[in-house]
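Spelled out, the chains give:
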Amino acid sequence: NDVDRRQGFLNGPIPAEYTIRGFYNVEIWEEGYELTSGLLTGQLDHKLIAEKGNRFRFATNDKPGSYVDVVCTPDSLKGLKGSGTVHHIAFITEGKESQEKVRAKIVERKLNVTPVLDRKYFTSIYFREPGGVLFEVATTTPGFMLDEPKEHLGEALMLPDWLEKDRESMAQKLPCISIDINKFR
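Being a predicted model, the structure only gives us computed values, none of them experimental.

Conventions we followed
Residues numbered from 1 in each chain as written. Predicted model: local features only at pLDDT ≥ 70, side-chain atom pairs only at ≥ 80, totals over all residues. Heavy atoms only, no water. Helix = DSSP H or I, 4+ residues; strand = E, 2+ residues; numbered from the N terminus. Buried < 20%, exposed > 50% of the residue type's maximum accessible area, 1.4 Å probe, protein only. Contact = heavy atoms within 4.5 Å. Arc of directions from axis to C-beta. Pairing = 2+ DSSP bridges. Axes fitted to C-alpha atoms, helices over the stretch in contact; angles between N-to-C directions. Core = buried A, V, L, I, M, F, W, Y, C linked by side-chain atoms within 4.5 Å. Salt bridge = Lys/Arg side-chain N within 4 Å of Asp/Glu carboxyl O.

## What to know about the side chain of Q43
With respect to the secondary-structure elements, Q43 resides in the loop between α1 (34–42) and β2 (47–52). A relative accessible area of 13% places Q43 in the buried class. Each residue touching Q43, except ones within four places of it in the same chain, is listed here: G38, V102, K105, I106 and R109.

## A look at α1
What α1 keeps buried is the set T36, S37, L39 and L40. In a view along the axis of α1, the buried residues occupy a sector of 165 degrees, so they form one face of it. Turned more than 90 degrees away from the buried face of α1 sit E34 and L35, all of them exposed.

## Observations regarding the sheet that holds strand β6 (residues 117–118)
A sheet is described by the order of its strands in space; here 4 strands give the open sequence β5-β8-β7-β6, paired in mixed fashion. Edge strands, defined here as strands with exactly one partner in the open sheet, are β5 (89–93) and β6. The pairing of β5 with strand β8 (residues 134–139) spans 5 bridges and is classified as parallel. Bridge pairing links I89 to F135 in β8. Strands in contact with helix α2 (residues 96–108) are β5, β7 (123–128) and β8; relative to β7, the strand with the most contacts, it is inclined by about 15 degrees.

## Notes on the nonpolar core
Core analysis: the biggest nonpolar cluster contains 19 residues, and L40, L44, F91, F127 and F135 have the highest contact counts within it. Considering each element in turn, this core owes the most residues, 3 residues, to strand β4 (residues 67–72). The contact partners of L40, leaving out residues within four places of it in the chain, are D45, H46, F58, V68, V70, F91 and F135.

## Quick word on the pattern of salt bridges
It is possible for side chains of opposite charge to pair when their charged atoms get near one another. Counted according to the given criterion, the structure contains 9 salt bridges. The residue D4 makes a salt bridge to R6 at a minimum N-O spacing of 2.8 Å. Taking the relative accessible area as the measure of exposure, R6 reaches 26% and is therefore partly exposed. Across the salt bridge formed by R55 and D69, the nearest N and O atoms sit 3.0 Å from each other. Residue R55 is located in strand β3 (residues 55–59), and its partner D69 is located in strand β4; the two are separated by 14 residues in the primary sequence. R55 sits in the partly exposed class, given a relative accessible area of 31%. Residue D69 is classed as buried on the basis of its relative accessible area, which comes to 1%. Taken together, the shared-partner salt bridges in this structure form one network comprising E27, R55, R57 and D69.

If you want it as structure tokens, here you go:
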């Protein structure tokens, strides 16, 4: 299934066929795929759904947005922190119970996993997969409507308590965005 049928944002000036629908896949460049494959299939409920040459595609379902491609590139340089690299890959889980089950599987595999961390809008666990990429498993709850209604999401800078001390410096770094919402209705 190489056709992305997800609906994009339709209330803007971009024609529907060109709207952003989300991430299609993530790609991890590794020396080998075997250890990461074992983690994806054994602990994160993925299946190997395709392979071609040095590319191995894993997914929880065969739909865009759930693909993890592991590409064997033993001779390539490793990414360094900075522009052009990704800090981590996040996987979604429904709630606390499913997150605890994943965490227990990661502990069994003897990977160094964090305790469950409260991020206000969701909880997360973090660990490095065998090739060194940082993975996050985050819940969908309680969600971003915790402190503002859906119709006003994104209108104000909302922060978790531990970041309130940095509010002023963070706000100064944000660009001013002015949108005439009536233009999109």
